[in-house]
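Inside the fold
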Amino acid sequence: MLVRQRLGIAVMILFLPINGPLWRMAIESLGQTIPIGEFSFFSLSVLLFVIGALMIFTPELELGQRS
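Attention here is on the structure that accompanies the text. Note that the structure is predicted; figures quoted are calculated from it, not measured. Within each chain, residues carry numbers counting from 1 in the order of the written sequence. Local features in this predicted model are restricted to residues whose pLDDT is 70 or higher, and side-chain atom pairs enter the listing and the counts only when it is 80 or higher, whereas totals over whole chains, interfaces and linings include all residues. As a rule here, side-chain values cover all heavy atoms of the structure and leave hydrogens and water aside.

By definition, a salt bridge exists where a carboxyl oxygen of Asp or Glu is found within 4 Å of a side-chain nitrogen of Lys or Arg. Evaluated as defined, the whole model comprises one salt bridge. Two residues, E38 and R24, come together in a salt bridge whose shortest N-O distance is 3.2 Å. Remark: R24 occurs in helix α2 (residues 20-29) and E38 occurs in helix α3 (residues 38-57); sequence separation between them is 14 residues. Each residue is assigned to one of three classes by its accessible area relative to the maximum for its type, calculated with a 1.4 Å probe on protein chains only: buried under 20%, partly exposed between the two thresholds, exposed over 50%. With a relative accessible area of 57%, E38 lands in the exposed category. Among the residues examined, R24 registers a relative accessible area of 11% and is labelled buried. Numbering goes from the N terminus for both helices and strands, where a helix is a DSSP run of H or I of at least four residues and a strand is a run of E of at least two.

This part is about α3. Every helix has an expected span of 1.5 Å times one less than the residues it contains. Taking 1.5 Å of rise per residue, the 20 residues of α3 would be expected to cover 28 Å, and the 29 Å separating its terminal C-alpha atoms lies within 8% of that figure. Taken as a whole, α3 has its buried residues at F41, S45, G52, A53, M55 and I56. Looking straight down α3, one finds that the buried residues subtend no more than 160° of arc, so they occupy a single side. Projecting away from the buried face of α3 at angles above 90 degrees are the exposed residues F39 and F57. Close packing links the buried residues of α3 with α1 (3-14) and α2. By definition, the arc is the one covered by directions from the helix axis to the C-beta atoms. What makes two residues a contact is simply this: any of their non-hydrogen atoms within 4.5 Å.

Structural data, given as structure tokens:
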């Protein structure tokens, strides 16, 4: 398993859309606020989830010369 795939798995687990409220609670417990709305935050987490899925399922590029 490639490092890219392992990182993709971690990104997918961390940014599951259901984890959005947990992220908000954790950041607010640190005394910070998230300056974006609920829908924007949900959209961002879905985007990061999809990026993680792409990191897992895209094939490895072969960068060698072909004869």
